[in-house]
Number of protein chains: 2
Amino acid sequence: VKKADVIHAILAERIHNAPQPIIATAFAPTNIALCKYWGKRDQELNLPETSSLSISLAEKGTTTAIRVIDNSLDNILFNGKPIDPTSTFGRRLLAFLDLFRTKHSVHFYIDFTSNIPLAAGLASSASGFASIVLALNQLYDWQLSLQELSILARLGSGSACRSLWNGFVEWEKGCQTNGMDSHGSLLPMTWPELCVGLLIVNTHEKSISSREAMERTKASSSFYSLWPDKVRVDLALIKEAIRAYDFSLLGKTAESNAMNMHAMMLSAWPPISYFQPETIAAMRDIWKLRQEGLEIYFTQDAGPNLKLLFLQQDLLRVKSRFAGIEVLQPFLS
Amino acid sequence: VKKADVIHAILAERIHNAPQPIIATAFAPTNIALCKYWGKRDQELNLPETSSLSISLAEKGTTTAIRVIDNSLDNILFNGKPIDPTSTFGRRLLAFLDLFRTKHSVHFYIDFTSNIPLAAGLASSASGFASIVLALNQLYDWQLSLQELSILARLGSGSACRSLWNGFVEWEKGCQTNGMDSHGSLLPMTWPELCVGLLIVNTHEKSISSREAMERTKASSSFYSLWPDKVRVDLALIKEAIRAYDFSLLGKTAESNAMNMHAMMLSAWPPISYFQPETIAAMRDIWKLRQEGLEIYFTQDAGPNLKLLFLQQDLLRVKSRFAGIEVLQPFLS
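Source: prediction; values computed, not measured.

When its secondary structure is counted, chain A shows nine helices and 13 strands. The C-alpha radius of gyration computed for chain A amounts to 20 Å, which stays within 12% of the reference 20 Å derived for 333 residues, consistent with globular compactness. With the principal axes as the frame, chain A shows a C-alpha extent of 60 × 40 × 35 Å. Looking at chain A as a whole, 59% of its 333 residues are labelled buried. Considering only intrachain contacts with a sequence separation of at least 6, the fraction spanning at least 24 residues in chain A is 74%. Entry remark: accessible area of chain A is about 13,000 Å², with carbon and sulfur atoms responsible for 52%. With 32 positive and 32 negative side-chain charges, chain A shows a spacing of 3 Å between the two charge centroids.

What follows is the structure in structure tokens.
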């Protein structure tokens, strides 16, 4: 199955809709997986080996403005700067836009504005691809559901399919070969006291893309075969924790899930590590705080930074310990 | 099976031998596992879940002098300082000595001299327990074989059973419940060009003992069930590498084996990490050097320090990159 077949299945005749004479603008939040997505069963369609579950970061994300231009090239800006069309991200984005061009002569002006550090493991590609499908939906008046847009966003970046909603979102892995059952769904629970702290320890771009890291893990880690079982157990625990507002269970399961993912990467060959020295120092601080009785946990994605999980009642204590932290309350925005 | 039963099976009547009127002195080297021992099938007898393979560090180790004294207490020194009998190591050592006291009135003067940093993941307990059984063998004129002494040393510390020889030593896990088939054996190969570099990044004592860390890993890591298979494959590869003097295969397999062990620890709950910030920085340096074409690998034990593996031809390049490194050539001492 090719991406174009999926586009056709979702848009059908609407692929030929004329663009509205507007600048279409949409925002999508970034999301932090509490139960991680690591490994694909289909590289082309970004279909995952396992389901996953995230929390969206409300006001942290990407705003995308898009319009059709009378030009022979796309004009794409990221935070005001032109995107290099030959860079990895540039090529990925252009290939994604190609899926929606009915004629070669259609070109876009796109202005991405992100309030999150690019490629520092804060899933800026997730909010980027989610906001672009939202904006395209307006531009071409497709009137698609969020579920359909989630499938389209997945074709750009797997985790983007979870960025169509605020709150807790589950990405069901699905079993169809065309991936029409592999998309995000909003969980109907809220947790106003829940805080996510962004602890930026290092803003260097990552040395290995998550796409490549996933492939190497799946191909060479002897532990990968047990990952689907681990995810099944952790997903059930996290949903139970959210249902019961059991923060210890939520934090413990999310941290354990992340550590298992990074453990698999270390066990790959060559070993993959998103740990920087500052990452390890911060982890040790968090473990020490927990030993001192503070209920604080963390998760880590494909970058060196940590995302802290704690409750509002501990906000001042956490802030006093981590000076540079940015705290978000996803359900209070 | 109790430790006392094993002692009886090995020493029989010799347990009643009178001590020689001498100070018995023996040296045993520390050893670095190229294929790790992680997890016990018998806590009492230190019987392992898997076989393992090490290289002894020749002149780096522990010298033990022992004699019987006319006193109501043992008098035990480590590098000239009295050992606290209530410390973890002190209690472990006294319990070990108790196995060899035929009467409560027998007490020892013991002087341990080690030229390796204590409890910094350099296996000082391995050379300590190996040298004490060698010294006891002299003191009581037991005339035991190295294989029998290896079994006795294992009762003190699992990895001590590999410290009775120089060179490459394999510890066969064995299958008997009394562990009489679980001991070290010397591999008859030498490799004069092989260098081991000790990179001490942090000399703090470890925060969790390897004994406790093994137990927690076995009890809570979802990946532990695959560890025996990983070891089986790695052991065969390492023996093949030694046979063929294939240094790339040796280095790669040893590093991968160590990373898999640390990966399992991270995946335990609570997570266990012997990584310090300096450990990660050093790992990244090594990976970078390897990308630059230098054949250098590392292994890491239950402490923050790394042991580099490389060939003599690269000694100067390695020394110029790691200023504080101590280099040993196990087969050239």
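Right, let's get into the pattern of salt bridges. One pass over the full model with this rule turns up 28 salt bridges over all chains. Put simply, B:D234 and B:K230 hold a salt bridge, and the shortest N to O gap is 3.2 Å. Of this pair, B:D234 and B:K230 are both found in helix α6 (residues 227-244), four residues apart, which corresponds to roughly one turn of the helix. For the residue pair B:D234 and B:K230, the accessibility class agrees, reading buried in each case. Close ionic contact of B:R243 with B:E240 constitutes a salt bridge, the shortest N to O distance being 3.7 Å. With a gap of three residues between them, B:R243 and B:E240 both fall in helix α6, about one helical turn apart. Connected through salt bridges with shared partners, the residues A:K36, A:D301 and A:K307 form a single ionic network.

Here we take up the relation of the copies chain A and chain B. Screw-axis analysis of chain A against chain B gives a translation of 0.0 Å along the axis, an RMSD of 0.0 Å, and a rotation angle of 180°. The transformation just described matches what one would write down for a two-fold rotation axis. An overlap of 100% is found between the interface residues of chain A and their copies at the interface of chain B, pointing to a shared contact surface.

Residue and element names in this part refer to chain A. The antiparallel open sheet is built from four strands, whose spatial order is β11-β12-β10-β13. Strands at the two margins of the open sheet, each flanked by one partner only, are β11 (297-300) and β13 (326-328). Averaged over all pairs of adjacent strands, the angle between their axes in this sheet comes to 30°, without regard to strand direction. With four bridges connecting them, β11 and strand β12 (residues 306-311) associate as antiparallel partners. Counterpart to Y297 in the pairing with β12 is L309.

Residue and element names in this part refer to chain B. With antiparallel pairing, the four strands of this open sheet are ordered in space as β11-β12-β10-β13. Of all strands in the sheet, those with a lone pairing partner are β11 (297-300) and β13 (326-328), marking the two edges. Neighbour-to-neighbour, the strand axes of this sheet turn through a mean angle of 30°, independent of strand direction. In the packing of helix α7 (residues 247-266) onto the sheet, the strands contacted are β10 (194-199), β11 and β12 (306-311), and the crossing angle to β11 comes to about 35°. Each of β10, β11 and β12 touches helix α8 (residues 277-291); the most contacted strand, β11, lies at about 155° to it.

Residues and elements named next belong to chain B. Along the chain, the position of D74 falls in the loop between β4 (52-69) and β5 (75-78). Of note is the side chain of D74, whose polar atom sits 2.7 Å from the side chain of R101. Within the structure, D74 has its side chain in polar contact with the backbone nitrogen of F108 (distance 2.8 Å). Contacts of D74, omitting those with residues within four sequence positions, involve L94, L97, R101, H107 and F108.

The next thing to look at is the interface of chain A and chain B. Between chain A and chain B, the contact holds 27 residues from the first and 27 residues from the second. Buried area between chain A and chain B, both sides added, is near 2,600 Å², and the carbon and sulfur share of it is 69%. Three residues stand out in chain A for area buried against chain B, namely A:F223, A:W269 and A:R284, and they jointly supply 26% of the buried area on that side. Connecting chain A to chain B are eight residue pairs in polar contact (both at pLDDT 80 or more). Among the secondary structure elements, those contributing two or more residues to the side of chain A that touches chain B are α7 (247-266) and α8 (277-291) of chain A. Per element, the largest residue contribution to the side of chain A that touches chain B is eight residues, and it comes from α7(A).

With that settled, consider the side chain of A:E255. Structurally, A:E255 is set in helix α7. In contact with A:E255, not counting residues within four places along its chain, are A:W287, A:R290, A:Y297, A:F298, B:W269 and B:P271.

As a further point, take the environment of A:S114. All names here are of chain A. Summarising the element assignment, S114 is placed in strand β7 (residues 107-114). Look at S114 and you get buried, because its relative accessible area is 11%. Between the alpha carbons of S114 and T64 there is a distance of 8.6 Å; along the sequence they are 50 residues apart. Not counting residues within four places of it along the chain, the set of residues in contact with S114 comprises G61, T62, F78 and N79. Reaching out from S114, the side chain makes a polar contact with the backbone nitrogen of I116 at a distance of 3.1 Å.

The next thing to look at is the packing of α7(A) against α7(B). For any two helices packed against each other, one specifies the crossing angle of their axes together with the interaxial distance. Packing of α7(A) against α7(B) brings their axes to within 8 Å, and their N-to-C directions diverge by 180°. Comparing their axes, α7(B) and α7(A) come out roughly antiparallel. Along the contact surface, α7(A) presents A:M259, A:A263 and A:L266, while α7(B) presents B:M259, B:A263 and B:L266. Its residues assigned to classes, the contact of α7(A) with α7(B) comprises six nonpolar, no polar and no charged.

The next subject is the packing of aromatic side chains. Applying the stated criterion to the full structure yields 26 aromatic pairs over all chains. Taking 5.7 Å as the distance between ring centres and 10° as the angle between the ring planes, the aromatic pair formed by B:Y140 and B:W142 counts as stacked. Of the two residues examined, B:Y140 and B:W142, each falls in the buried class. Here a set of aromatic residues connected by ring pairs shows up, and it is made of A:F89, A:F96, A:F100, A:F129, A:Y140 and A:W142.

Residues and elements named next belong to chain A. As for its placement among the helices and strands, A268 is situated in the loop between α7 and α8. A relative accessible area of 1% places A268 in the buried class. Counting along the chain gives 44 residues from A268 to Y224, while the straight-line C-alpha distance between them is 9.1 Å.

Nonpolar side chains tend to gather and get buried jointly when the protein is soluble and globular. Ranked by size, the top nonpolar core spans 135 residues in total, and within it A:W38, A:F168, A:L308, B:W38, B:F168 and B:L308 carry the most contacts. Among the elements that make up this core, the one with the highest residue count is α7(B) (ten residues).

With an omega of -15°, the peptide bond running from A:W269 to A:P270 counts as cis. Among the secondary structure elements, A:P270 is positioned in the loop between α7 and α8. Positive phi is not limited to glycine here, since B:N79 has a value of about 50°. Take B:N79: it is sitting in the loop between β5 and β6 (81-82). A positive phi angle, close to 60°, is found at B:Q143, a residue other than glycine. Within the fold, B:Q143 resides in the loop between α3 (124-139) and α4 (146-156).

How each quantity is defined
- Residues numbered from 1 in each chain as written.
- Chains lettered and ligands numbered in written order.
- Predicted model: local features only at pLDDT ≥ 70, side-chain atom pairs only at ≥ 80, totals over all residues.
- Heavy atoms only, no water.
- Helix = DSSP H or I, 4+ residues; strand = E, 2+ residues; numbered from the N terminus.
- Rg over C-alpha atoms; globule rule 2.2 N^0.38 Å.
- Buried < 20%, exposed > 50% of the residue type's maximum accessible area, 1.4 Å probe, protein only.
- Contact = heavy atoms within 4.5 Å.
- Areas by Shrake-Rupley, 256 points an atom, 1.4 Å probe, with all protein chains shown as cover.
- Lys, Arg positive; Asp, Glu negative; His and termini not counted.
- Charge placed at Lys NZ, Arg CZ, Asp CG, Glu CD.
- Salt bridge = Lys/Arg side-chain N within 4 Å of Asp/Glu carboxyl O.
- Least-squares fit on C-alpha atoms with pLDDT ≥ 70 in both.
- Pairing = 2+ DSSP bridges.
- Axes fitted to C-alpha atoms, helices over the stretch in contact; angles between N-to-C directions.
- Polar contact = N/O pair within 3.5 Å; in protein donor to acceptor, adjacent residues only side chain to side chain.
- Buried area = accessible area lost by both parts, 1.4 Å probe.
- Parallel < 35°, antiparallel > 145°, perpendicular 65-115°, else oblique.
- Nonpolar A, V, L, I, M, F, W, Y, C, P; charged D, E, K, R; others polar.
- Phe/Tyr/Trp six-rings, centres within 6.5 Å; stacked < 30°, edge-to-face > 60°.
- Core = buried A, V, L, I, M, F, W, Y, C linked by side-chain atoms within 4.5 Å.

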